[in-house]
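Examining the three-dimensional arrangement
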Amino acid sequence: MCFRLLFSSLLVLSITSMAIAKPLVIAHRGASGYLPEHTLEAAILAYSQGADFIEQDLVLSKDLVPVVLHDIHLESVTNVEQIFPDRKRQDGRYYAFDFTLKELMTLNKHERTDAKGNQVFASRYQGQSPFRIATFEQHIQLIQQLNKQFNQKIGLYPEIKSPAWHRQQGADISAIVLNILRKYDLDSSDSQVYVQCFDFAETQRLRNELGAKVKLVQLIAENDWNESTTDYNELKTSAGLKKIALVAQGIGPWMPQLFDIKKMKVTSLSGDAKRLGLHIHPYTFRKDQLPEGLDVKTTLDLLFKELEVDGVFTDFTDVVVSYLDAPLANSNR
Ligand code: CA
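Calculation rules
Residues numbered from 1 in each chain as written. Predicted model: local features only at pLDDT ≥ 70, side-chain atom pairs only at ≥ 80, totals over all residues. Heavy atoms only, no water. pLDDT = per-residue confidence, 0-100. Contact = heavy atoms within 4.5 Å. Salt bridge = Lys/Arg side-chain N within 4 Å of Asp/Glu carboxyl O. Helix = DSSP H or I, 4+ residues; strand = E, 2+ residues; numbered from the N terminus. Donors = N, O, S within 2.8 Å, 3.2 Å for Na, K, Ca; no water. Buried < 20%, exposed > 50% of the residue type's maximum accessible area, 1.4 Å probe, protein only. Polar contact = N/O pair within 3.5 Å; in protein donor to acceptor, adjacent residues only side chain to side chain. Axes fitted to C-alpha atoms, helices over the stretch in contact; angles between N-to-C directions. Parallel < 35°, antiparallel > 145°, perpendicular 65-115°, else oblique. Left-handed = near helix turned anticlockwise from the far one by under 90°. 1 Å grid on protein atoms, 1.4 Å probe; cavity = no way out; pocket = protein on both sides within 12 Å on 5 of 7 lines; lining within 4 Å. Points joined across faces, edges and corners; volume = space filled by probe spheres on them. Nonpolar A, V, L, I, M, F, W, Y, C, P; charged D, E, K, R; others polar. Pairing = 2+ DSSP bridges.

Okay, the confidence of the model for the chain next. On average, the chain scores 93 in pLDDT, and the residues at 70 or more come to 92%. This stretch, residues 1-19, has a pLDDT under 50; its non-local contacts, to residues over four places away or in other chains, come to 1 contact.

Attention shifts here to the pattern of salt bridges. One pass over the full model with this rule turns up 23 salt bridges. For the salt bridge of Arg-112 with Asp-71, the shortest nitrogen-to-oxygen distance reads 3.0 Å. In this pair, Arg-112 is assigned in the loop between helix H4 (101-104) and helix H5 (136-150) and Asp-71 in the loop between strand S3 (66-68) and helix H3 (80-83), connecting sequence segments 41 residues apart. Of the charged contacts, one joins Arg-87 and Glu-103 as a salt bridge, the two residues approaching to 2.9 Å between their closest N and O atoms. Of the two residues, Arg-87 sits in the loop between H3 and H4 while Glu-103 sits in helix H4, which places them 16 residues apart along the sequence.

When four donors bind a metal tetrahedrally, each ideal donor-metal-donor angle is 109.5 degrees, and when six bind octahedrally, the ideal angles are 90 or 180 degrees. With distances of 2.2 to 2.4 Å, the protein atoms coordinating the calcium ion are Glu-55 (OE), Asp-57 (OD) and Glu-159 (OE). Mapped onto the polypeptide sequence, the residues donating to the calcium ion form the spacing pattern E-x1-D-x101-E. Taken together, the positions of Asp-57 in strand S2 (residues 53-60) and Glu-159 in strand S4 (residues 155-160) put the pair 102 residues apart, joining distant regions of the chain. Residue Glu-159 is classed as buried on the basis of its relative accessible area, which comes to 4%.

On to unusual backbone geometry. For the bond from Tyr-283 to Thr-284, the omega torsion is -10 degrees, close enough to zero to count as cis. For Thr-284, the location among the structural elements is in the loop between strand S10 (279-280) and helix H13 (296-306). Phi at Met-264 is positive, roughly 50 degrees, even though this residue is not glycine. Mapped onto the fold, Met-264 is located in the loop between strand S8 (259-260) and strand S9 (265-266).

What follows is about the side chain of Thr-314. Note on placement: Thr-314 falls in strand S11 (residues 311-314). Looking at Thr-314, its side chain comes within polar contact range of the main-chain nitrogen of Phe-316, at 2.8 Å. Beyond its immediate sequence surroundings of up to four residues, Thr-314 is in contact with Val-25, Ile-26, Ala-27, His-28, Gly-30, Thr-284, Phe-285 and Val-320.

Glancing now at the packing of helix H2 (residues 40-49) against H5. Look at H2 against H5: their axes get within 11 Å of each other, and the N-to-C directions meet at 30 degrees. Classed by the angle they form, the pair H2 and H5 counts as roughly parallel. Taken as a pair, H2 and H5 cross one another with a handedness that is right-handed. Touching Leu-40, Ala-43, Ile-44 and Tyr-47 of H2 are Gln-138, His-139, Leu-142, Ile-143, Leu-146, Asn-147 and Phe-150, all from H5.

With respect to the helices, strands and loops of the structure, Asp-187 is situated in the loop between helix H7 (173-183) and strand S5 (194-197). Separated by 112 residues in sequence, Asp-187 and Thr-299 place their C-alpha atoms 34 Å apart. Asp-187 has contacts with Leu-178, Leu-181, Arg-182, Gly-211, Ala-212, Lys-213 and Val-214, leaving out every residue within four places of it along the chain. Engagement of the side chain of Asp-187 in a polar contact is seen with the backbone nitrogen of Lys-213, the distance being 2.7 Å.

This part covers the layout of surface pockets. Its boundaries defined by the atoms lining it, the second largest pocket holds a volume of some 280 Å³. Around the second largest pocket, the lining comprises 18 residues; the ones closest to its centre are Lys-109, His-110, Glu-111, Gly-127 and Gln-128. Class assignment for the residues of the lining of the second largest pocket results in 4 nonpolar, 12 polar and 2 charged.

Moving on to the packing of helix H8 (residues 200-208) against helix H10 (residues 238-247). Interaxial distance between H8 and H10 falls to 9 Å at its minimum, and their mutual angle equals 30 degrees. In terms of orientation, H8 and H10 fall into the roughly parallel class. Helix-helix and strand crossings are classified by hand; for H8 and H10 the assignment is left-handed. Between H8 and H10, the contacting residues are Phe-200, Thr-203, Gln-204, Arg-207 and Asn-208 on the first element and Lys-243, Ile-244 and Val-247 on the second. Of the residues in the contact of H8 with H10, the class split is 3 nonpolar, 3 polar and 2 charged.

Here we come to the pairing of strand S7 (residues 250-253). Burial along S7 is two-sided: Gly-250 and Gly-252 facing one way and Ile-251 and Pro-253 facing the other are all buried. Pairing between strand S6 (residues 215-220) and S7: 4 bridges, direction parallel. Bridging across to S7, Ile-220 finds its partner in Pro-253. When S7 meets S10, the two strands line up parallel, connected through 2 bridges. Following the sheet pairing, Ile-251 is matched in S10 by Ile-280.

Let us look at the environment of Ser-48. With respect to the helices and strands, the residue Ser-48 is situated in helix H2. On the basis of relative accessible area, Ser-48 is assigned to the exposed category, the value being 57%. Considering only alpha carbons, one finds Ser-48 and Thr-317, 269 residues apart in sequence, at a separation of 9.5 Å. Of the polar contacts made by the side chain of Ser-48, one reaches the backbone oxygen of Leu-45; its length is 2.9 Å.

Given below as structure tokens:
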């Protein structure tokens, strides 16, 4: 009798906790809504704002060290053109891969700018503090140390950037990143790590050839972004999603792929992915770049109540954390 009671209350407990399992807040490039993206300072701020995971986009330096940068190019987030004016390639761009780690460390990092040098998000950070590029290992060590100090388990969410391009330069970025994860004993299915990539051939390679054990997330772009040779239209079909489910634990779709804002209609993507057991972590919630006609609350209601996503990439960790912490936000979940 006692055991039956205990068992049924445990069952209720586990069902309840499943039903209210909180979605993950993934700090997109750290707290990039407030400080220059991917700096250690932006990671610390995201950590203190209550992120569950902190993202690191990864590219390689000339001496094959993974550094935390969103692009293979440097000029939109650093002062490279002032420090090394002669080091551009024929296309006029400065590539992280052409600089040693020591050289990259001499650059100042600033808010993202466009081709004309204007800040992409005008209202964001405008100070002149000397922020630096940091390595993947520095970010891992920082987060591990903070976890130790605060007795937390905040995770890492690295992205392997442009693997085919790196291969053309003669470097295997996936193998290098995987080795670092293994060095820190993080290449396992139960570590607090998701590895993401836009290139589906590379996601398959990570799992099947390189033997990655860590959780993988397949990012989904639009074909006309030329992000990789992957056919994203095919990948979004249920047949494509089935292929993803063979190697990955989740998908990272662009928000408009989940919801057609003009028709005010949910697409088939989230339902199809859920049926296959894939987690859904869309990108990117920004309070200064909301979907047309929606405000902060309606956008977050759409993501968490209508689509019931499992997590979201955001430049504004604090906004999503306070939404999810508000009792009313979860009342009809
Ligand atoms: Ca990313």
